[in-house]
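Structural features, examined
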2 protein chains.
Amino acid sequence: MIDKQTLETLEKRQRVALINSLPGFKPVVLVGTMNEEKQTNVCVINSCFHVGADPALMGMIIRPAPEGTERHTLENILATETYSVNAVARAMARRAHHTSARFARDQSEFYACGFAQQWREGFVAPFVSESPLQLGLKLAEHLPLTINGTHLIIGSIEQIHLSDNAQRNDGSLDLQGMDIVAGVGLDAYHSTGTYQRFSYAKPDKPPELI
Amino acid sequence: MIDKQTLETLEKRQRVALINSLPGFKPVVLVGTMNEEKQTNVCVINSCFHVGADPALMGMIIRPAPEGTERHTLENILATETYSVNAVARAMARRAHHTSARFARDQSEFYACGFAQQWREGFVAPFVSESPLQLGLKLAEHLPLTINGTHLIIGSIEQIHLSDNAQRNDGSLDLQGMDIVAGVGLDAYHSTGTYQRFSYAKPDKPPELI
């Protein structure tokens, strides 16, 4: 067992690597923003989560300083109340990871890391052109978490862009078919393999494969 | 494009399936709790996320009624301020999915779904015995989200239980070696395949494979 006392004695990078691995496989997305001077920013985030389907809401945790990139993302979201969330496919993983470096404010990670910006009518924030699943969000709630100085950002989903054959008849998405990766910890990007889907669960019998 | 207006016209199950697929691959965990009458409960949750490494904090979103199981989990966490978070391996996926059914309060999903409880010295909540990665948490913060009536639960990580060979020298965990699954939407459980890990990112050059 690793207990709380042991955790506190771990060397910082060891502890960060361990604790970041604990939730399991995580979503990996690129968050695209623009500031009021039209400077764009894109930043890899692996703390996105589902908040609700009606209204359609997605949450994420953003860490401010000293991580420069996330701080710029947070400032831009608060200023424009608009951002894009773009899924990361396998071919994008290295460049997505590169966006976590501490770029200067006047450097756009789009250019520095090799992603093309995509603009859409009536939407202030840039999308990542090659992403197979692009979401446009409006800031719906901002909760600074006093417990550790991070920020909870909840956005309402305004736009969903995906290829026609990515959605199944039941409404769900074939993320594996889009070659989207699953993250682990701070630096690992997994492709996915076989999967099982189960029927809606009822108390009296085990769910069936669908 | 699917826009907000289109989303609102979708049939409910279609919309729920779509919106739950949007974050990408998600952690799948079993949350184990006990109430003050020593009735145990275990419930699958796929909205866990990393909040911070120092202190070690993990968050999750819990939906209260009408989903019975999550409501019991929330009540138990608020009553005992203690819960376990247990990773789901492939062989556990069907039974984990079964815990999402609306069981009565006096039915323990441990028995109904086929999981053994594991008790540990000085810890009130039950762990899921066969899980390869078991965490013991204390409630650190409870934030009801007025935006949609869900609850943000943040826990401090008090105990980590895993097999010796699951941790790499750098502190990170080999989740794939533990056969842990990645979730999609409401009902899909993926195994993972090949992966890439990249070096700590710096602005001036692309990260290298490690």
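Just so you know, these numbers come straight off a predicted model, no measurement behind them.

1. Some words on the overall build of chain A
A count of helical and extended segments in chain A gives 5 helices and 13 strands. Radius of gyration (C-alpha) of chain A: 18 Å, near the 17 Å computed for a compact globule of 210 residues. Overall, the C-alpha framework of chain A stretches about 55 × 50 × 30 Å when taken along its three principal axes. Across chain A, every contact between residues at least 6 apart in sequence was considered, and the portion connecting residues at least 24 apart equals 58%. Accessible surface, chain A: about 8,300 Å² in total, of which carbon and sulfur atoms supply 49%. Averaging the coordinates of the 19 positive side-chain charges in chain A and doing the same for the 23 negative ones gives two points 5 Å apart.

2. Let's talk about helix H2 (residues 12-21) of chain A
Burial of H2(A) is extensive: 7 of the 10 residues sit out of reach of the surface. Within the sequence span of H2(A), burial applies to A:Arg15, A:Val16, A:Ala17, A:Leu18, A:Ile19, A:Asn20 and A:Ser21.

3. Some thoughts on the pattern of salt bridges
For the coordinates displayed, the defined rule picks out 16 salt bridges over all chains. The closest approach of N and O atoms between A:Glu75 and A:Arg71, which form a salt bridge, is 3.8 Å. In this pair, A:Glu75 and A:Arg71 both sit in helix H3 (residues 68-80), 4 residues apart, roughly one turn of the helix. By relative accessible area, which is 32% here, A:Glu75 ends up partly exposed. Among the residues examined, A:Arg71 registers a relative accessible area of 28% and is labelled partly exposed. Across the pair A:Glu158 and B:Lys4 runs a salt bridge whose closest N-O atoms are separated by 3.2 Å. One end of the pair, A:Glu158, is in strand E11 (residues 150-162); the other, B:Lys4, is in helix H1 (residues 4-9), on a second chain. For A:Glu158, a relative accessible area of 18% translates into the label buried.

4. Remarks on the sheet that holds strand E12 (residues 182-184) of chain B
Strand pairing within a sheet occurs via backbone hydrogen bonds; the two strands may be parallel or antiparallel. Ordered by their spatial adjacency, 6 strands build an open sheet running E2(A)-E12(A)-E13(A)-E13(B)-E12(B)-E2(B), and the pairing between neighbours is antiparallel. Where the open sheet ends on each side, the last strands, each with one partner, are strand E2 (26-27) of chain A together with strand E2 (26-27) of chain B. Sheet topology places strand E13 (residues 188-197) of chain A next to strand E13 (residues 188-197) of chain B; 7 bridges connect them, and they run antiparallel. The residue of E13(B) that forms the bridge with A:Ala188 is B:Arg197.

5. Details of the relation of the copies chain B and chain A
When chain B is fitted to chain A, the residual RMSD is 0.0 Å, and the transformation amounts to a turn of 180° plus an axial shift of 0.0 Å. On this basis, the relationship between the two copies can be described by a two-fold rotation axis. For chain B, the smallest separation between a C-alpha atom and the rotation axis is recorded for B:Thr192, amounting to 2.0 Å. In this assembly, 100% of the residues forming the interface of chain B have copies in chain A that are likewise at the interface, indicating an isologous arrangement.

6. Some words on the interface of chain B and chain A
Counting from both sides, the interface comprises 95 residues of chain B and, opposite them, 95 residues of chain A. In this assembly, chain B packs against chain A so that about 8,500 Å² is buried in total across both faces, 62% of it on carbon and sulfur atoms. Summed over the shared surface of chain B and chain A, the result is 6 salt bridges. Taken together, the links from chain B to chain A amount to 38 residue pairs in polar contact (both at pLDDT 80 or more). Per-class residue counts for the side of chain B that touches chain A are 49 nonpolar, 28 polar and 18 charged.

7. Here we look at the environment of B:Gln107
Residue and element names in this part refer to chain B. Looking at the element boundaries, Gln107 is found in the loop between helix H4 (93-98) and helix H5 (109-113). Distance from Gln107 to Gln39, taken between C-alpha atoms, is 8.1 Å for residues 68 residues apart in sequence. Not counting chain neighbours up to four residues away, the residues in contact with Gln107 comprise Gln39 and Ala112.

8. Describing the side chain of A:His72
All names here are of chain A. Position of His72 relative to the elements: it lies in helix H3. Under the relative-accessibility criterion, His72 is labelled buried at 4%. There is a polar contact of 3.4 Å between the side chain of His72 and the side chain of Arg71. Excluding anything up to four places from it in sequence, His72 contacts Asn41, Phe103, Ala104 and Arg105.

Conventions we followed
Residues numbered from 1 in each chain as written. Chains lettered and ligands numbered in written order. Predicted model: local features only at pLDDT ≥ 70, side-chain atom pairs only at ≥ 80, totals over all residues. Heavy atoms only, no water. Helix = DSSP H or I, 4+ residues; strand = E, 2+ residues; numbered from the N terminus. Rg over C-alpha atoms; globule rule 2.2 N^0.38 Å. Contact = heavy atoms within 4.5 Å. Areas by Shrake-Rupley, 256 points an atom, 1.4 Å probe, with all protein chains shown as cover. Lys, Arg positive; Asp, Glu negative; His and termini not counted. Charge placed at Lys NZ, Arg CZ, Asp CG, Glu CD. Buried < 20%, exposed > 50% of the residue type's maximum accessible area, 1.4 Å probe, protein only. Salt bridge = Lys/Arg side-chain N within 4 Å of Asp/Glu carboxyl O. Pairing = 2+ DSSP bridges. Least-squares fit on C-alpha atoms with pLDDT ≥ 70 in both. Buried area = accessible area lost by both parts, 1.4 Å probe. Polar contact = N/O pair within 3.5 Å; in protein donor to acceptor, adjacent residues only side chain to side chain. Nonpolar A, V, L, I, M, F, W, Y, C, P; charged D, E, K, R; others polar.

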